[in-house]
Amino acid sequence: MSRKITGATAVAGVAGAPVRHSLSPIIHNAWIAAAEIDAVYVPFAPCGDDFHRFAEGLRGGVIRGLNVTVPFKEAALSVSDDVSERAALAGAVNLLVFDEDGRITGDNVDGLGLLGAFAAQAPDFDPKAGPVVIIGAGGAARGAAAAFIAAGAPEVRIINRTLAKAEIVAGALGRRARAYSLNGAAIAFEEVTAVINATSAGLSQETLDLPLDATPKAAIVMDMTYKPLDTPFLKQAQTLQRRTVDGLEMLIGQAGPSFEAFFGRTPPKSVDVRALCIEALGAKA
Ligand code: NDP
């Protein structure tokens, strides 16, 4: 694909460290090409503690916006002049929009991506139908919990290795949230409609050893990790005949509202970005 970059070409991107394996440039540049927008989406790997300096230098129309990934989501929150309610609730920003007047707006669209993934892969799932379990208490878990509360889940159960962190997250979410330790997972799984793995265990090749057989047969199991696409957690769920939702669909789900924020257009449907990502992951569909 050859593209003409001119003085008028708009720039957006993703910031992370490492950023080399990010699939966001593949998704956004495919949409840019299909929508015939004069724009480009590039990766940035600001070093170490320098996220603030990096973001400050982009103020005032240098760039349309940035997706922000590990480890800069909290720094992105603190660099924002205005923060959306859902980002404040999540305590993390994954989308920065740079206005031409110099202001930076922080948002968190991970929750939208998560609900979009359920809508795509488990369309009959109703967040209002029963309790939901989220495993993990980091930024991704907080964003997910906030999204399910906003979508009307009657109860959100946060399970975390470090119980104290789960208690802080549940406390911030209000009376519909409860905290559990990993040892309490079997109790937390009772009568749930969905279980979401929002831990980073998969990144370090660690496996979660949790009693998924304690979930109802109709429960849907989701894993935010998408490399590999079929994680050990999802395989365990499939062996128990639970339906599953994968993390790649969530990544694509959060890219949609980001694209709209950068370029004011909905992503074109004519390009199969999921297939492009699977090809890049070297995984099977
Ligand atoms: P954080 O580092 O903020 O949080 C990590 C969480 O994982 C903590 O709760 C930690 O528990 C828990 N954890 C880590 N290792 C283990 C383990 N071996 N066993 C049990 N729990 C463990 O990460 P984020 O919240 O930012 O991200 C979490 C994951 O979600 C990452 O893998 C990330 O790539 C993925 N993600 C995917 C997205 C997508 O679009 N698909 C979007 C956003 C995130 P403790 O508190 O005890 O340390």
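Scroll up for the structure.
Residues numbered from 1 in each chain as written. Predicted model: local features only at pLDDT ≥ 70, side-chain atom pairs only at ≥ 80, totals over all residues. Heavy atoms only, no water.

K.L.:
Any details on the overall build of the protein? Residues and values, ideally.
P.N.:
If you tally the helices and strands in the protein, you get 11 helices and 12 strands. Compactness check: the protein gives a C-alpha radius of gyration of 19 Å against a globular reference of 19 Å for 285 residues, within 12% of the reference. Referenced to the eigenvectors of the C-alpha coordinate spread, the extents of the protein come out at roughly 60 × 40 × 30 Å. Among the 285 residues that make up the protein, the fraction classed as buried is 52%. As presented, the protein carries roughly 13,300 Å² of accessible surface, and 53% of it is formed by carbon and sulfur atoms. Here the protein holds 26 positive side-chain charges and 30 negative ones, and the gap between their average locations is 2 Å. (Helix = DSSP H or I, 4+ residues; strand = E, 2+ residues; numbered from the N terminus. Rg over C-alpha atoms; globule rule 2.2 N^0.38 Å. Buried < 20%, exposed > 50% of the residue type's maximum accessible area, 1.4 Å probe, protein only. Areas by Shrake-Rupley, 256 points an atom, 1.4 Å probe, with all protein chains shown as cover. Lys, Arg positive; Asp, Glu negative; His and termini not counted. Charge placed at Lys NZ, Arg CZ, Asp CG, Glu CD.)

K.L.:
Go over the sheet that holds strand β6 (residues 104-107), please, and point to the residues and values.
P.N.:
Each strand in a sheet pairs with another by means of backbone hydrogen bonds, the pair being arranged parallel or else antiparallel. Strand order across the open sheet formed by six strands is β2-β1-β3-β5-β6-β4, with mixed pairing between neighbours. Each end of this open sheet is capped by a strand with a single partner; those strands are β2 (39-44) and β4 (82-83). Relative to β2, strand β1 (residues 10-15) runs parallel, the two sharing six bridges. When the bridges of β2 are listed, V14 appears paired with P43. Strands in contact with helix α1 (residues 24-35) are β1, β2 and β3 (65-68); relative to β2, the strand with the most contacts, it is inclined by about 175 degrees. (Pairing = 2+ DSSP bridges. Contact = heavy atoms within 4.5 Å. Axes fitted to C-alpha atoms, helices over the stretch in contact; angles between N-to-C directions.)

K.L.:
Residue-level account of the pattern of salt bridges, with values.
P.N.:
Pairs can form between side chains of opposite charge once their charged atoms are near each other. Applying the stated rule across the entire model yields 12 salt bridges. D82 is paired through a salt bridge with R103; the nearest N and O atoms lie 3.0 Å apart. Residue D82 is located in strand β4, and its partner R103 is located in the loop between β5 (95-98) and β6; the two are separated by 21 residues in the primary sequence. Residue classification places R103 among the partly exposed positions, given a relative accessible area of 36%. Between D124 and R243 there is a salt bridge; the shortest N-O distance is 3.1 Å. Pair noted here: D124 is in the loop between α5 (110-121) and β7 (132-135) and R243 is in strand β12 (residues 243-245), with a separation of 119 residues, a long-range link. Note on D124: relative accessible area 55%, which makes it exposed. Three or more residues are tied together by salt bridges with common partners; here these are E56, R59 and D81. (Salt bridge = Lys/Arg side-chain N within 4 Å of Asp/Glu carboxyl O.)

K.L.:
Describe the site of the ligand, listing the residues and the values that go with them.
P.N.:
By nearness alone, 24 residues border the ligand, and A137, A140, N160, T162 and M224 come closest of all. In this structure, N160 approaches the ligand through a side-chain N or O atom, which is 2.8 Å from an oxygen atom. Here T162 contributes a side-chain N or O atom positioned 2.5 Å from an oxygen atom of the ligand. For the shell around the ligand, the elements supplying multiple residues, two or more each, are α6 (139-150) and α10 (247-263). (Near = heavy atom within 4 Å. Polar contact = N/O pair within 3.5 Å; in protein donor to acceptor, adjacent residues only side chain to side chain.)

K.L.:
Before we move on, could you go through the side chain of E155 and cite the residues and values that matter?
P.N.:
Inspection of the secondary structure puts E155 in the loop between α6 and β8 (156-160). A relative accessible area of 15% places E155 in the buried class. Separated by 2.8 Å, the side chains of E155 and R157 make a polar contact. Within the structure, E155 has its side chain in polar contact with the side chain of R178 (distance 3.3 Å). Discounting residues that sit within four places of it in the chain, E155 has contacts with G130, P131, V132, R176, R178 and Y180.

K.L.:
So, the packing of α1 against helix α11 (residues 273-281): which residues are in play, and what are the values?
P.N.:
Contact pair α1 / α11: the axes reach a minimum separation of 9 Å and the direction vectors enclose 140 degrees. Remark: the crossing between α1 and α11 carries right-handed chirality. The residues of α11 that touch α1, namely those facing I26, I27, A30 and W31, are V273, L276, C277 and A280. Residue composition of the contact of α1 with α11, by class: eight nonpolar, no polar and no charged. (Left-handed = near helix turned anticlockwise from the far one by under 90°. Nonpolar A, V, L, I, M, F, W, Y, C, P; charged D, E, K, R; others polar.)

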